[in-house]
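# Tertiary structure, described
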Amino acid sequence: STQSTGVKDFCGHGIGDEFHEEPQVVHYKNKDRRVLKEGMCFTIEPMINAGKFGCSVDAQDDWTVYTGDGKNSAQWEHTIVVTKEGCEVLTLRSDDTIP
């Protein structure tokens, strides 16, 4: 059987004075009960593996990620800002829609 898994080794993050800052935004069920407040800006960056969730970072470039079992993986990212009305996806392309 084919099973995909979510990677827990990486997460989204806050964006502010520094590019990678708190809060960390995980992409799996957890007990974080953080309240999102107007003005918060963060990324969501889920990574889904075609096989097992394990992965490693390339020792030479410290950036490229490989799955532990050599199967394919997909990762995408959006940047979101919390507004008075809800949220705005800052990286939404003109041909994308939010259901």
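Right, let's walk through the structure included here. (Residues numbered from 1 in each chain as written. Predicted model: local features only at pLDDT ≥ 70, side-chain atom pairs only at ≥ 80, totals over all residues. Heavy atoms only, no water.)

## What to know about the overall build of the protein chain
- Across its full length, the protein chain holds 0 helices and 10 strands.
- In sequence order, the protein chain lays out its α and β elements as β-β-β-β-β-β-β-β-β-β.
- The principal-axis extents of the C-alpha atoms in the protein chain amount to approximately 45 × 30 × 30 Å.
- Across the 99 residues of the protein chain, 24% fall into the buried class.
- Here the analysis covers contacts within the protein chain between residues at least 6 apart in sequence; of these, 52% occur between residues at least 24 apart.
- Approximately 7,700 Å² of the protein chain is accessible, and the part contributed by carbon and sulfur atoms is 51%. (Helix = DSSP H or I, 4+ residues; strand = E, 2+ residues; numbered from the N terminus. Buried < 20%, exposed > 50% of the residue type's maximum accessible area, 1.4 Å probe, protein only. Contact = heavy atoms within 4.5 Å. Areas by Shrake-Rupley, 256 points an atom, 1.4 Å probe, with all protein chains shown as cover.)

## Looking at the environment of Ile44
- Along the chain, the position of Ile44 falls in strand 4 (residues 41–44).
- Classification of Ile44 by relative accessible area gives partly exposed; the value is 22%.
- Residues Ile44 and Val25, 19 residues apart in the sequence, show an inter-C-alpha distance of 6.6 Å.
- Leave out the neighbours within four places in its chain, and Ile44 touches Val25, His27, Trp76, Glu77, His78 and Ile80.

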